Amino acid sequence: MRLSFAPMEGVTTYSFRQLHAALFPGAEKYYAPFIAPDGSGKFKGGRLRDILPENNRDIRLVPQILCNRPEPFLAVARELAAMGYREVNLNAGCPSGTVVPKRKGAGMLADLRALDEFLAEVFSRCELAVSVKTRMGLESTEEFPAILEIYNKYPLQELIIHARDRRAMYSGRPDLAGFATAFRASRPPVCYNGNVFSPADLTGPVSAAPGLERVMLGRGAAANPALFRQLQGGPALEAAELKDFLRRLRDAYQAQGLSERYTLARLKELWYYTVQMFPGASAGAKRINKAQTAAEYQSAVDALFASGRFSPEAAFRG
Ligand SMILES: Cc1cc2nc3c(=O)[nH]c(=O)nc-3n(C[C@H](O)[C@H](O)[C@H](O)COP(=O)(O)O)c2cc1C
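Positions within a chain are numbered from 1, following the residues in the order the chain's sequence is written. At least 70 in pLDDT is required for a residue's local features to be given in this predicted model, at least 80 for side-chain atom pairs to be given and counted, and no such filter applies to totals for whole chains, interfaces and linings, which use all residues. Side-chain numbers come from the whole structure's heavy atoms, not from hydrogens or water.

Remarks on the side chain of Asp201
Which entries qualify depends on this criterion: Counting from the N terminus, the helices are the DSSP runs of H or I reaching at least four residues and the strands are the DSSP runs of E reaching at least two. Two N or O atoms form a polar contact when they lie within 3.5 Å of each other; inside protein one atom must be a possible hydrogen donor and the other a possible acceptor, and for residues adjacent in sequence the pair counts only when both atoms belong to side chains. Contacts are assigned to residue pairs that have any heavy atoms within 4.5 Å of one another.
Topologically, Asp201 is positioned in the loop between strand E8 (190-193) and helix H7 (203-208). Side-chain polar atoms of Asp201 contact the side chain of Arg317, separated by 3.1 Å. Ignoring sequence-local partners within four residues, the contact set of Asp201 consists of Asn195, Val196 and Arg317.

Here it is, written out as structure tokens:
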């Protein structure tokens, strides 16, 4: 199985990715959280730092663009090509209420003619390979056959299907039957995404779509960084390595120059997922969330590890 780490805005930062790859190898590719270009197609600040090659050594990174106009998309793609990237990913899946009404992210699925025109322009002019990460529809996954007809017209490097419609956001069960149909009908190679939080969760998509070779992991791997290794038959996560990973991540954020407040905000965002490796530890989780200083944070984390609630069998469950 070829496994990739999903883009997760606010979670899979470059420090996270670098450390994850070093301590928990097994992800073939990492996708960077989206770049939303302004009119000029330029991007800077945190977004630029996040994808600079020197911040992404020793991993295969695919940058992602959230944009519905060819010109800014192509301008960013040119910058990425100049940095040495070979592939860029289009975000056609973001369900956010601030993105979709602008017909970006999953909002691109509202107007299939516009999507077709966008892809025609991009594929005729983009010097990078282009992959797409998509939802299966806006209101219903039954919209997908018509959407797939558009994708099938172009030589996508890969079609990553988050097997939900936009309305479902991140909840409910992915539509495995709809995914199976799409898997068979897709011309581009398909990667499955959605709710693979443990080895047992692979059974559904793999039996629905025999021959499936590519799976993207998001929240499950944010909770359990060893999930890649486990899905490949390796050992489960140990408390000590999770503790070490989190400590090194805190140090990396500080070394990156993030303020104490920002470092804590980033770590708390990750803890939203990781805390599920500690079943029944809601008081410990609250304490981490309330921490205002690095010292309060560390003592809350140490207390949680000392509570003995860590379970290698636990997993993110939504
Ligand atoms: C906090 C958060 C941030 C996300 N950021 C992005 C993003 O920048 N680009 C994107 O394509 N998907 C983004 N996603 C969606 C994930 O990549 C993934 O498709 C989704 O979580 C479903 O996979 P999972 O069930 O394995 O988590 C985000 C999801 C979450 C929860």
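On we go from here.
As for the domain arrangement of the protein chain
Note the cut-off: The split of the chain into domains comes from an automatic or database domain assignment. Two parts placed together each lose some accessible area under a 1.4 Å probe, and adding up what both lose gives the buried area. Any Lys or Arg side-chain nitrogen located within 4 Å of an Asp or Glu carboxyl oxygen qualifies as a salt bridge.
When its domains are assigned, the protein chain resolves into domain 1 (2-231) and domain 2 (239-306). Distance between the C-alpha centres of domain 1 and domain 2: 28 Å. Every contact between the two is made by 18 residues of domain 1 and, on the other side, 15 residues of domain 2. Overall, the association of domain 1 and domain 2 removes approximately 1500 Å² of surface from exposure, summing both partners, and the carbon and sulfur fraction of that is 69%. Remark: the boundary between domain 1 and domain 2 carries 1 salt bridge. One salt bridge connects Arg229 with Glu241, and the closest N-O pair in it is separated by 2.5 Å. For the pair domain 1 and domain 2, the interface holds 4 residue pairs in polar contact (both at pLDDT 80 or more). Elements represented by at least two residues in the side of domain 1 that touches domain 2 include exactly helix H1 (14-23) and helix H8 (219-223). Residue contributions to the side of domain 1 that touches domain 2 peak at 6 residues, all from H1.

Re the site of the ligand
So the rule is basically this: Proximity is defined per residue: any heavy atom of the residue falling within 4 Å of a molecule or strand makes that residue near it. A 1.4 Å probe and the Shrake-Rupley method give the accessible areas. Residues count as covered only by the protein chains that appear here.
Pro7, Gln64, Asn193, Asn195 and Arg219 are the nearest of the 19 residues found near the ligand. Phe34 is positioned with one of its backbone polar atoms (N or O) 3.3 Å from an oxygen atom of the ligand. The separation between an oxygen atom of the ligand and a polar side-chain atom of Lys133 is 2.8 Å. For the ligand, the accessible surface in isolation is 610 Å², of which the surrounding protein chains cover 91%.

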